Amino acid sequence: MSNIDEDLYMPHQKISYLQSRDPSILTWNKYGLNKVRVNLNFSSDESSVQSTVLKEEEKHLGVYLRIKGGVEISSIYKIEDDTFICDLSDSSINNKIAAQTEEKYKFSTIFGPERTQRFIFDVTVKEKVLKFINGENSTIMAYGSSGSGKTFTLIGTPVDPGIIPRAIKYLFHSLPILKEYPQAKPLPNGQAVILDDNQKIAEKRETFNILKDLPNCKDHARAFNAMQERLSMDPVAVVENITPIISLWISLCEIYNEQVYDLLQPLLKGQCRPKLKIGGLQDNIYIKDLKYVNVRSGLEAYGILQYGLQNRNKASTAINLQSSRSHCIFTIKLVQGYNSENLLISSFNFCDLAGSERLKKTLNVGDRLRESNSINNSLLVLGRCITMVRDGQDKKQNIMPPFRESKLTHLFQKAILGKENIDLMITINPSKNMFAENQHTLNFSAIAKEVVIDKTPVKVLNSSRFLDLDNASREDEIMDLRYTIRELRDKLTEFEDENRVLRDEKANLVLQLSEERLQHEEDIDKERDHLIKGYREMISIKDEQIDTLKRDNEALSKQIRKLQKINQLTVLNSSDSSDDVNNNFGGLSNLPTSCQNECESVSWAKDSANTFQESLLEVLMVRLAIPLRCLHSARYRRVVGMKRLQSSPSVHIGGFAVV
Ligand SMILES: Nc1ncnc2c1ncn2[C@@H]1O[C@H](COP(=O)(O)OP(=O)(O)OP(=O)(O)O)[C@@H](O)[C@H]1O
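Nothing here was measured: the structure is a model prediction, and the numbers come from that model.

1. Side note on the pairing of strand β3 (residues 83-87)
Only one face of β3 is covered, namely the face carrying F84 and C86; the face carrying T83, I85 and D87 is uncovered. As defined by bridge partners, strand β2 (residues 77-80) adjoins β3 across four bridges and the pair is classed as antiparallel. Note on β3: the bridge partner recorded for I79 is F84. The hairpin turn running from β2 into β3, its antiparallel successor, is two residues long, and D81 in that turn takes a positive phi close to 50°. Relative to strand β4 (residues 102-106), β3 runs antiparallel, the two sharing five bridges. The residue of β4 that forms the bridge with C86 is E103.

2. Overview of the nonpolar core
Counting residues in hydrophobic clusters, the biggest one holds 102 residues, and the most contacted among them are M141, I163, I164, I250, I304 and L424. Looking at this core element by element, the count peaks at nine residues for strand β9 (residues 245-256). Listed in part, the five residues of the second largest apolar core include L617, V619, L620 and I626.

3. Here we look at the UniProt feature "binding site: ATP" (unreviewed entry) in the protein chain
Mapped onto this numbering, the UniProt entry gives "binding site: ATP" (unreviewed entry) at G144, S145, S146, G147, S148, G149, K150 and T151. The residue S146 is located in the loop between β6 (138-144) and α5 (150-154) in this model. C-beta crowding within 10 Å serves as the criterion here: with 24 such atoms nearby, S146 is assigned to the buried category. On the secondary structure map, G149 appears in the loop between β6 and α5. Discounting residues that sit within four places of it in the chain, G149 has contacts with R66, K68, G144 and T427.

4. Focus: the packing of helix α7 (residues 197-212) against helix α9 (residues 298-310)
One can describe the packing of α7 onto α9 by two numbers: an axis separation of 9 Å at closest approach and a directional angle of 60°. Judged by the inter-axis angle, α7 sits oblique to α9. Crossing hand, α7 versus α9: left-handed. Touching T207, I210 and L211 of α7 are E300, G303, I304 and Y307, all from α9. Looking at side-chain class alone, the contact of α7 with α9 contains four nonpolar, two polar and one charged residues.

5. As for the sheet that holds β3
Spatially, three strands are ordered β2-β3-β4 in an open sheet, and the strand pairing comes out antiparallel. In this open sheet, the two edge strands, each paired with only one partner strand, are β2 and β4. For this sheet the average axis-to-axis angle between neighbouring strands, irrespective of direction, equals 20°.

Rules used in this analysis
Residues numbered from 1 in each chain as written. Predicted model: local features only at pLDDT ≥ 70, side-chain atom pairs only at ≥ 80, totals over all residues. Buried ≥ 20, exposed ≤ 12 C-beta atoms within 10 Å, placed from the backbone. Helix = DSSP H or I, 4+ residues; strand = E, 2+ residues; numbered from the N terminus. Pairing = 2+ DSSP bridges. Core = buried A, V, L, I, M, F, W, Y, C linked by C-beta atoms within 7 Å. UniProt positions renumbered as here; feature names shortened; annotations may be inferred. Contact = placed C-beta atoms within 7 Å. Axes fitted to C-alpha atoms, helices over the stretch in contact; angles between N-to-C directions. Parallel < 35°, antiparallel > 145°, perpendicular 65-115°, else oblique. Left-handed = near helix turned anticlockwise from the far one by under 90°. Nonpolar A, V, L, I, M, F, W, Y, C, P; charged D, E, K, R; others polar.

Next up, the structure:
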């Protein structure tokens, strides 16, 4: 250890608490009530590990129910010991499907709204922490609808910490002081390696770097210290046969929209959080490249947890102002032993599932809707997997549930199959308007409660195969390759299915297109025929009009010719010798042929019944300038074809008043 630079860890003033010891460590064993001796069993003989006799209750998955506090409990719910009863006869819940009057759900323990965080921790987790120190793996999963209190139960608040901070506290309370530098590190594939001096320094620097970036670290430190004071009187467990190698590591990741992200990975400005892959096979599924951060005290672990939680995807929905939009997995790993050949690795997973959501209630759209769909889908797969495990166990059949359909079930398949300690913390909001959500959650819990744990949890021991990193990584590579082959095969089948669907869709579209084209052509033909018919009709109407006009024109020309003759006669016989009349009538005798056209064009513009007469008058008065009084004579009237001209002294023609 000589080359380790002690100055490297000189605490920055702001994070000085990180280097101080937990008060719990200083008071370690001071309140040593109910001491528990933990005996580490390093025997690699599995039969010795499996010889432990399970209690009847432990043979099934542990399913706890927590009823949310601070809300009015609906009268339809009743608690009788460990049984939760829903009164389905209540008309207000409008449950049309219900055939029976009540539904009963049995749980390992029911925590009413009055139960404190501490009580819940004591019942559900405390003993598991000791098992964890003793080398066993455990998982606690919080399941419930959005806003029912999953995050509150697991994380809690600074004044009312949940299961995880209490577990951290209790763990460090029970362990002796850990060495300044970690001696061994867990590998992603579940094994562990001994660290050399440089690696030890690098790991310690990593922890320091994360904590120095933690905003509000003083608040977190204060919250944690306050919690420690409250917990200091708790009974502690004491590990008596401590091994020379003992290191604690934590990781935090989330499954968001079916992608795994490392929440402890510090990012540069503008850098996106990288997506992680899942590796391994069957009983050894793990997240590749997930970061494990070394911690030496509860305070450090709490700080790192807070750092990661700040990176978690949260958003406001109509149901919960701070709704978790992802499944979040917090893992504590403990590596203990004597040398690389005798290392025992245990892990404790805390999984805060995102809440199931009814889209009608959350009013989600856009990103929130996409998240809801992905959350609901993965919870649906979880439900299907648990149901199939239960059914398989019932019928003693080897059914393989669709674990790979979601990242969550893929990761926890060993625990769901009952090969590892797993407990479910079911949370419900007991208000009446959450009835449908609660029924769904309770039905899920009823199935989960029947899953049998078929093996005593097996301890993970380092075997000689994993003695050095080279071997471990080669083993890892083989597993990776196997996994990739399987993944590629799955993808190929998926692609083939998709391809078939697409081909069918294409054929349908081509058919549809040709049908539409035919239909379109028919429409065009119909339209064209219709237009042609219309034009033809219009042409025949116009022809008729032309004929009428021609006839009118001929009649007009006849009249004009008659007028010309009359005019000549009038000039010869007229008793009216006024100059005007003479001039005009003289002009009329020389009436040019264009005058006939004038008459014609005027009559064209008219549309009244007397068109022809009016046109004639117009020609006589305007073009030939025959005074109105002359037109009153019987001769003109006869020519024009009118019995009598208007008595009015003026006639309006073409907008001009002719007097
Ligand atoms: N047992 C309880 N007593 C008092 N308050 C509670 C309790 N459980 C939850 N709450 C409060 O209810 C609100 C919603 O709780 P929480 O965020 O834990 O729900 P959730 O189930 O995690 O929701 P989501 O799935 O949307 O993330 C929070 O303000 C929390 O403090």
